[in-house]
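# An overview of the molecular structure
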Amino acid sequence: MRIARQLAGMSSDTRVICYVRVSTDKQVESGLGLEAQRAVVETECQRRGWTIIDVVVDEGMSAKSLQRPGIQSALDRLNAGEADVLVCAKLDRLSRSVMDVCQIGSMAGHYGWNLVLLDCNVDTTTPYGKAQLNMMATFAQLERELIGIRTKEALQVKKSQGVRLGRPVVMGAAIEERIAHLRQAGLSMARIAETLNVEGVPTVKAGSIWRASTVQRVLVRSGA
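This text gives an overview of the structure that appears in the document. Residue positions are counted from 1 within each chain, in the order its sequence is given. At least 70 in pLDDT is required for a residue's local features to be given in this predicted model, at least 80 for side-chain atom pairs to be given and counted, and no such filter applies to totals for whole chains, interfaces and linings, which use all residues. Just so you know, side-chain values use all the structure's heavy atoms and leave hydrogens and water out.

The next point concerns the overall build of the chain. Strands here mean DSSP runs of E at least two residues long; helices mean DSSP runs of H or I at least four residues long; both are numbered from the N terminus. Regarding its fold elements, the chain presents ten helices and five strands. Residue burial is assigned from relative accessible area. The probe radius is 1.4 Å, only protein chains are included, and a residue is buried under 20% of its type maximum, exposed over 50%, and partly exposed in between. Burial analysis of the chain (224 residues in total) assigns 44% to the buried set. Any pair of residues with heavy atoms lying within 4.5 Å of one another is described as a contacting pair. Across the chain, the fraction of contacts at a sequence separation of at least 24, relative to all contacts at a separation of at least 6, is 68%. Reported accessibility uses the Shrake-Rupley method at a 1.4 Å probe radius. Residues are deemed covered only where the shown protein chains occlude them. When the accessible surface of the chain is split by element, carbon and sulfur atoms take 55% of a total near 12100 Å².

Let's shift gears to the pairing of strand S1 (residues 15-22). Side-chain direction in a regular strand flips from residue to residue, so the side chains alternate between the two faces of the sheet. Summarising burial for S1: seven of the eight residues are buried, a large majority. In short, DSSP must find at least two bridges between two strands for them to pair. When S1 meets strand S2 (residues 51-59), the two strands line up parallel, connected through eight bridges. Bridge assignment links Tyr19 to a residue of S2, and that residue is Val56. Examined bridge by bridge, S1 and strand S3 (residues 85-88) share four bridges and lie parallel to one another. When the sheet's bridge partners are listed, Cys18 is paired in S3 with Val87.

Helix packing geometry: the angle between the two helix axes and the distance between the axes. Note on geometry: axes are lines fitted to C-alpha atoms, helical ones only across the stretch in contact, with angles between N-to-C directions running from 0 to 180 degrees. Between helix H9 (residues 189-199) and helix H10 (residues 212-222), the shortest axis-to-axis distance is 8 Å and the interhelical angle comes to 100 degrees. Comparing their axes, H10 and H9 come out roughly perpendicular. Along its contact with H9, which presents Met189, Ala190, Ile192, Ala193 and Leu196, the element H10 presents Ala212, Val215, Gln216 and Leu219. When residues are sorted by character, Ala, Val, Leu, Ile, Met, Phe, Trp, Tyr, Cys and Pro go into the nonpolar class, Asp, Glu, Lys and Arg into the charged class, and all the rest, Gly among them, into the polar class. For the contact of H9 with H10, the per-class residue count stands at eight nonpolar, one polar and no charged. Angle categories: roughly parallel below 35 degrees, roughly antiparallel above 145, roughly perpendicular from 65 to 115, and oblique for all the rest.

Ordered by their spatial adjacency, five strands build an open sheet running S2-S1-S3-S4-S5, and the pairing between neighbours is mixed. What marks the edges here is a single partner per strand, and that holds for S2 and strand S5 (122-123). Of the strands in this sheet, S1, S2 and S3 are in contact with helix H4 (residues 69-79), which crosses S2 at around 150 degrees.

Bringing the nonpolar core into the picture now. Only buried residues count toward a nonpolar core. Its members are Ala, Val, Leu, Ile, Met, Phe, Trp, Tyr and Cys residues joined through side-chain atoms within 4.5 Å. Leu86, Leu94, Trp113, Leu117, Ile179 and Trp210 are the most contacted members of the largest nonpolar core, which has 38 residues in total. Counting residues per element, this core draws most heavily on helix H6 (residues 98-111), at five residues. Sequence-distant contacts of Leu117, defined by excluding residues within four places in its chain, comprise Cys88, Leu91, Leu94, Val101 and Val122.

Every buried residue of H10 is listed here: Thr214, Val215, Val218 and Leu219. The buried residues of H10 occupy one face: seen down the axis, they fall within an arc of 135 degrees. Set apart from the buried face of H10 by more than 90 degrees, the exposed residues are Arg217 and Val220. The inward-facing, buried residues of H10 contact helix H8 (173-184) and H9. Among the residues trailing H10, Gly223 stands out with phi positive, at a value near 75 degrees. An arc is given here, and it is the one of the directions from the helix axis to the C-beta atoms.

Okay, the state of the cysteines next. Pairs of cysteine sulfur atoms within 2.5 Å are identified as disulfides in what follows. Under the defined criterion, the tally for this structure stands at zero disulfides. Residue Cys18 stays outside any disulfide, its sulfur separated by 4.0 Å from that of Cys45, the closest cysteine.

To continue, consider the pattern of salt bridges. A pair can form between side chains of opposite charge whenever their charged atoms are brought close. We define a salt bridge as a side-chain nitrogen of Lys or Arg found within 4 Å of a carboxyl oxygen belonging to Asp or Glu. Enumeration over the complete set of coordinates arrives at eight salt bridges. For Arg15, the salt bridge goes to Asp84, with nearest N and O atoms at 3.0 Å. Taken together, the residues Arg15 in strand S1 and Asp84 in the loop between H4 and S3 connect sequence positions 69 residues apart. For Arg48, the salt bridge is made with Asp123, and the minimal N-O distance between the two is 2.9 Å. With Arg48 in helix H3 (residues 32-48) and Asp123 in strand S5, the pair connects residues that are 75 residues apart, well separated along the chain. A residue is classified by how much of its surface remains accessible, and Arg48, at 25% relative accessible area, is partly exposed.

What follows covers unusual backbone geometry. Although it is not a glycine, Asn121 adopts a positive phi angle of roughly 60 degrees. Tracing the backbone through its elements, the reader meets Asn121 in the loop between strand S4 (114-117) and S5.

Now the structure itself:
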């Protein structure tokens, strides 16, 4: 089923959800930002012979977080198999966080749908587009590792200053930072657990999987 849905990205009966967003009330009132984005995605879908089943809109919403009703609804519908492709005119309309975009890309791969961002050649229906997303994911992983290094360095400074750090840390700081970032992005405990499982992030107990309750305990322990 997953492979079939991914291959559907190249067929003439592809079902598409388009996503458009504006962040300011002025843009909402004028409608110009939404109309321009809608025109771009509709033209591209028409060129490819794809069928648009919905154009999902987030009006007056910031891209700093994925906690937006429109994008959350679109992702749920794609994961449920209602559509085959998510199309967006520009990367920054989807999110200003590369990590969030890569998270959406991982989700697409897991559930078998495709992601197309028209302004930056991210198009997982093509090998080149997949490679572009993989490069973005590589730099996102680098950012996560750098966060982990900075966290460890900060802990070492505190330790050298005689600050008691409490009970031994049993989970890597980078993983805790990743969980905190996903929570700040507006994801639920269950969706964070799902994301970590898709990404293959290990738990403390070898062989176990991430659950919403595990994520919650990490957040409470870290004070996030």
